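# Overview (structure and organization)
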Amino acid sequence: MMERPNMPPSSSLRMTRSVIEKGNEDESFITGYRPNIAKTLLCHLVSIVLCGIPYLLAHWKPKWRLSGTSSICPLWQAEKVLIKHKESRDVYIVDVVTVRVSDAFAKQYAIPKNVSPGDTSKLLEEQENEYSFRYFIYRHLRYGWNQENGCFTKIQGLDSDITTADLIQDYGNGVSCESSSHLLELHGENSISVEIPTYLNLLIQEVLHPFYIFQLCSITLWSLDEYMYYAACIFIISVISVSISLYETRKQAESLHDMVANTTEGKCVVKRGDRTQYLDSCDLVPGDLLVLPRSGSCIMTCDAVLLTGTAIVNEAMLTGESVPVTKSSLPRLDEEELYNVESHKRHTLFDGTEVIQTRFYGDQDVVALVVRTGFHTAKGELIRSILFPRPMDFKFYRDSIRFILVLFCLVAVGMVYCVYLYLERGAPFRMIILRTLDIITIVVPPALPAAMTVGTVYAQSRLKKKMIYCISLARINVCGKLKLLCFDKTGTLTEDGLDLKSVIPATDAKFQDEVEDLTNLNDEDNLKMCLASCHSLTTINNVLTGDPLDAKMFEGTGWMLEEQGTDESKYDKMMPTVVKPKQTELFTIESLPLELGIIRQFTFSSSLARMSVIVRDLRGSNFTIFTKGAPEKLEDICVPESLPDNFHKTLRELTIKGYRVIALAYRPMSEQINYLKVQKMKRDMVEKDLIFLGFLVMQNTLKPETQGVIRELKDAALKIVMITGDNMLTGISVARDSRIIDPADRVVIMEAVTKPDGNLCLEFQDAEGNPDDNTIIASDGGLQNSYQNGSVRIHLEPEVHLALTGKAWNVLIKHFPELVPRVLVRGTVFARMSPDQKAQLVEEFQTLGYIVSMCGDGANDCGALKAAHVGVSLSEAEASVAAPFTSKIPNISCMPKLILEGRCALTTSFGVFKYMALYSMIQFISVIILYTNSTNLGDTQFLYIDLVITTSVAVLMGRTKPWSVLVKQRPPGSLVAGSTLFSIFCQILATLAAQVVTQFYLQSQVWYNPVKPISPDQEIVKDAATTSIFIVSSFQYLVLATVFSKGPPYRQPFYTNLLYLAALLGLSGFTAVLLFIPDWPQPWLQNFFELEPVSMDYKIGVGTIIVVNAVVNIIIEFGVNTGTWVKTLSHIITRKRGPKNRYKLVLKDLDMDVGWPRDNQSYPLNEEDDQSSFTSLQDINQSQSVIQQNEISAFRGS
């Protein structure tokens, strides 16, 4: 019988609402419901009486549907769960599934059937109970009722709250066949399936969309009002639109389904207990031991951690990294170390990646422990990020909704006026209803949502041609508002590969002369043997493969690498890899050649920032340890006597020149150490008491495009920040070379140091290294921060850049939060930053009001790329798990293109929105004037205005390409900005004036007789008033389309858009024909459009009004968009006295405090916080997050 679970407190059992995934991007609120028969019957009865309208509302509002048929209940009793996503506000209704399980099921999820959740007494009785498992699936993840927590929790694999030691000890032999069946019930099948909806389901979903329901109601209204041509055309266009939408949606679903299906099917070999069996990959469960094929060449169908052997993996499908990555078995460094997929990714094989080659020692198989399956895997996260993109909280979209609400208010005013007008006229009730509802279709145009996306759709198409792919369309507009750009360094600003410059040997704790040609080193020299063996290179198809730095280092030695066997079977019982000098002489038995066998590898660890190998000289039996890594890390594990006195000085001189410096060390092992002991040694026993050998100096050159792009971005007044895991001085050097920091600018380094009295402090020091010219902010006495006296005061003026490390960032965030805003607006180089720190830094920038982008490679900057408003992954894949944008252009030249397209799309969206708003208002004014005169526009006139003019203009306006130069001024991001509102308001007045003047001009004509309907329900179309308003309003649509098609500095001039220009000219010419010669050569055109013949003098007068109106429209838009008077006026009206963005306030504050930091300035700390959280620098070092491993590409095990 299973061990009984701990029961939750009774308060949890009464809980009807809870939160799942608290603190992450999937955080959601859940509420429990169970069916209520009485409410369900009442709901159906009301729906039938109201002709099904409640059903439609329930489809749009799932919460209403659930509330109408179910009652809220405690979550543990719920049969349905209402889920509301915190960030996106999306609402889901999911069923709670209950399945019967045995008493061997996971205890926290097994619910005793005959024991009330509130009654714990019976749990103590020795009786057999039936158990059930209750769960629901939300966004493809499974959440089960947790007896111990008293709530639904996500069912996770072996990647949560388990140490590496427990992982190996508890699951080293896999799971039993019986346990695997229970685990399969718990976790579900190991499959990532994207359902392809049927055309019928898609049709129902599409047709029931509010847009098409509105279209259907409008078509019905127009048909009842005898606008048959117009209704028929709208119906045909709607059918075509629905068909295209169904086809595109289905095509995307099929494409995603095919991408997933290609890597989710197949057979695999699994060890369960003492049995080895072939299974379908969908039957894998966390805890299974997966035996990788000895031939390699397989696609992973789950996330698994290597327990034995090594594997070379191509992760391009997932991350875009083109260089194969070497995965090694999980080490046992610390028995208390928790397993984490991110920090242990050098030992984890990810779903969807290709295993190219495997290798093992002795007769062992290459075995991997399954830790995650299905949508919980890395590939599952990628698919989920595509299916459920992160929502964007962008002003433009919020304001557009508000503006539509304002239009509805105008609808209400128009409807009231119509009711009054037709009641006074004595019109029948049917006509009053028709005219009142017609106002809605006029003021709120059905095409508005579609027209709003035109600019971004064209931008996405242009970006795709430029090899920049986007999976989140809404983010394109956000690109237009970018203010701060964060860049990774290695592989982004600089080349992926490094050029070997030299080595600086150290002998007897003294640096020797620099050696540029490594072949000049003695082959018997430990330094050369370290360079030749301390790497993770391998050969695939006779090509040396691995990290580019390792390859450059090894090739520089002139040695050879030999591996036993072929590419398909590279295993050997003792020596998997041998490195040796190229043979130039014959050898004898007495003088065997030098050959080093690499017995064991400790691949690069991001937390340790180093890698090690244990080798054996095949001429003897002794073993030697060779290690390479970050100098500051190797310094701690080398014996002090082997370190030169000028160690730090030499390192500083090299890094400040921008070189990548790698420290090398070795240690001969005791003669008593044999092969078996070597295999069992823990890493911490290997990497200690080393003898320093010298520095390897690599040159990381800038990519050719970097300087030019940085100059272009800086000319556009964009703040540029480098976030790297590399050495800070190297980062500063690269920043200067790339012109992120100009030659004349000054760099101040902020460091966290511990004073002699033990207090922690922040020290500001000139990057040029004058130790006397510094100012200190310290926490003296543990109670306050104050500046220490220095001989020179540092002024952080605008041309001064701050540089700091992840260590200093931790101290800053924890102890000096009041300085964070100032450091952020002045910070330029952030070095030695871990992945978590990168993401945290991006989020801190966002809290200051910056619109932030992050550009890096998807494998290394995943957190920061996801956190940024605009994440750009430089990757070979078209979709990356890391970011909404993926650029196949392997350099930062994609960023200006993205910003230009973003600004173009945002400007287009503003222009289209303003045009559609004016289109609604022009037609609203027209029909109100005509209703007043007992006339109305005709069927073909509405058709010409709404379809021929407006649709053509709205669709083609977005084809205009972006401007070629980035300017300092960003386009507005809010529709309620003063310039936008003032433009719309003035243009409305101008169009109103033109139509009113036209009406008065008509009434002044001696030949004009106002129409007099025979009956109250009669409306006359063929009348001079209708003809005049139709012609004037048609020109107004065309003129405003031209006026709102803004050109430079964000878009090309509208006349470069040839199709748009042709449409404007063609429609203008045709409308002029309708005005001046509609009856030439035959009157069929005049009759088709129901135009009233008028005199030529009157036509010229109307033409004059049109020209004057056009000139006024142009003057208004020119006046609003030039100068600062509109902005000043809007600030006066809104009483805005200063900037609202926090970073602007900080900059303003710094402009007034140019001496910051100054002598004797204090920053008091909260005494309680200081006493509880004050940490020594040693503690900060120990708690420092994982160093960004990709940034230190020298030590990657790729």
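The shown structure was predicted, so the numbers you read here are calculated from the model rather than taken from an experiment.

With that settled, consider a positive patch on the surface. Judged by side-chain charge, Arg17, Lys61, Lys63, Lys84 and Arg89 come together as a positively charged surface patch. By the element assignment, Lys61 lies in the loop between helix 3 (53–60) and helix 4 (62–69). What makes Lys61 partly exposed here is its relative accessible area of 43%.

Before going further, it helps to examine the confidence of the model for the chain. Note: predicted coordinates in regions of low pLDDT should not be interpreted at a detailed level. Taken residue by residue, the chain gives an average pLDDT of 81. The fraction at 70 or more is 84%. Looking over the chain, one finds the lowest element-wise mean pLDDT in strand 38 (residues 784–788), namely 33, and the highest in strand 22 (residues 484–487), namely 96. Within the model, pLDDT remains below 50 along residues 1–6, and this stretch shows 21 contacts once partners closer than five positions in the same chain are excluded.

To continue, consider the state of the cysteines. Overall, the coordinates contain zero disulfides when judged by the stated rule. You can see Cys268 has no disulfide; the closest cysteine sulfur is in Cys302, sitting 7.4 Å from it. The structure places no disulfide on Cys855, whose sulfur is separated from the nearest cysteine sulfur, that of Cys894, by 4.7 Å. Classification of Cys855 as buried rests on a relative accessible area of 0%.

Turning next to the packing of helix 2 (residues 37–49) against helix 3. Where helix 2 meets helix 3, the closest approach of the two axes is 6 Å, and the angle between their N-to-C directions is 115°. When helix 2 is examined against helix 3, the residues His44, Val46 and Ser47 are found in contact with a partner set consisting of Ile53, Pro54 and Tyr55. Split into classes, the residues belonging to the contact of helix 2 with helix 3 amount to four nonpolar, two polar and no charged.

Applying the stated rule across the entire model yields 31 salt bridges. A salt bridge links Glu524 to Arg619; the nearest nitrogen and oxygen atoms lie 3.0 Å apart. With Glu524 in the loop between strand 24 (510–511) and helix 17 (526–533) and Arg619 in the loop between strand 30 (610–617) and strand 31 (623–629), this pair connects stretches of sequence that are 95 residues apart. Exposure remark for Arg619: the relative accessible area of 34% places this residue in the partly exposed category.

Turning next to the nonpolar core. Judged by nonpolar contacts, the single largest core of 83 residues is most densely connected at Ile439, Tyr915, Val953, Phe1030 and Leu1074. Ranked by the residues each element gives to this core, the list is headed by helix 29 (residues 894–932), at 18 residues. Not counting residues within four places of it along the chain, the set of residues in contact with Tyr915 comprises Ile949, Thr950, Val953, Met957, Tyr1037, Leu1040, Ala1041 and Phe1044. By size, the runner-up hydrophobic cluster in this structure holds 46 residues, among which are Leu463, Ile720, Val747 and Val872.

Below, the discussion takes up the sheet that holds strand 24. Sheet strands pair via backbone hydrogen bonds, and the direction of the pair is either parallel or antiparallel. A sheet is described by the order of its strands in space; here nine strands give the open sequence 24-23-33-32-31-30-29-28-27, paired in antiparallel fashion. Where the open sheet ends on each side, the last strands, each with one partner, are strand 24 and strand 27 (559–563). In this sheet, strand 33 (residues 691–699) lies alongside strand 23 (residues 499–507) in antiparallel orientation, the contact comprising six bridges. Bridging from a neighbouring strand, Val503 pairs with Leu696 of strand 33. Seen against the sheet, helix 18 (residues 548–557) touches strand 23, strand 27, strand 28 (577–581), strand 31, strand 32 (659–668) and strand 33 and runs at an angle of roughly 115° to strand 27.

A few words on the packing of helix 30 (residues 939–957) against helix 32 (residues 1024–1043). For any two helices packed against each other, the geometry is given by the interaxial angle and the distance between the axes. One can describe the packing of helix 30 onto helix 32 by two numbers: an axis separation of 10 Å at closest approach and a directional angle of 5°. By the criterion of interaxial angle, the relationship of helix 30 to helix 32 is roughly parallel. Listed contacts from helix 32 to Gln941, Tyr944, Ile945, Ile949, Val953 and Met957 of helix 30 are Thr1026, Phe1030, Ser1033, Ser1034, Tyr1037, Leu1038 and Ala1041. Among the residues making up the contact of helix 30 with helix 32, the classes are represented as nine nonpolar, four polar and no charged.

Parameters and conventions
- Residues numbered from 1 in each chain as written.
- Predicted model: local features only at pLDDT ≥ 70, side-chain atom pairs only at ≥ 80, totals over all residues.
- Heavy atoms only, no water.
- Patch = residues over 30% accessible without salt bridge, like charges linked within 9 Å, V, L, I, M, F, W, Y side chains within 5 Å.
- Areas by Shrake-Rupley, 256 points an atom, 1.4 Å probe, with all protein chains shown as cover.
- Salt bridge = Lys/Arg side-chain N within 4 Å of Asp/Glu carboxyl O.
- Lys, Arg positive; Asp, Glu negative; His and termini not counted.
- Charge placed at Lys NZ, Arg CZ, Asp CG, Glu CD.
- Helix = DSSP H or I, 4+ residues; strand = E, 2+ residues; numbered from the N terminus.
- Buried < 20%, exposed > 50% of the residue type's maximum accessible area, 1.4 Å probe, protein only.
- pLDDT = per-residue confidence, 0-100.
- Contact = heavy atoms within 4.5 Å.
- Disulfide = S-S within 2.5 Å.
- Axes fitted to C-alpha atoms, helices over the stretch in contact; angles between N-to-C directions.
- Nonpolar A, V, L, I, M, F, W, Y, C, P; charged D, E, K, R; others polar.
- Core = buried A, V, L, I, M, F, W, Y, C linked by side-chain atoms within 4.5 Å.
- Pairing = 2+ DSSP bridges.
- Parallel < 35°, antiparallel > 145°, perpendicular 65-115°, else oblique.

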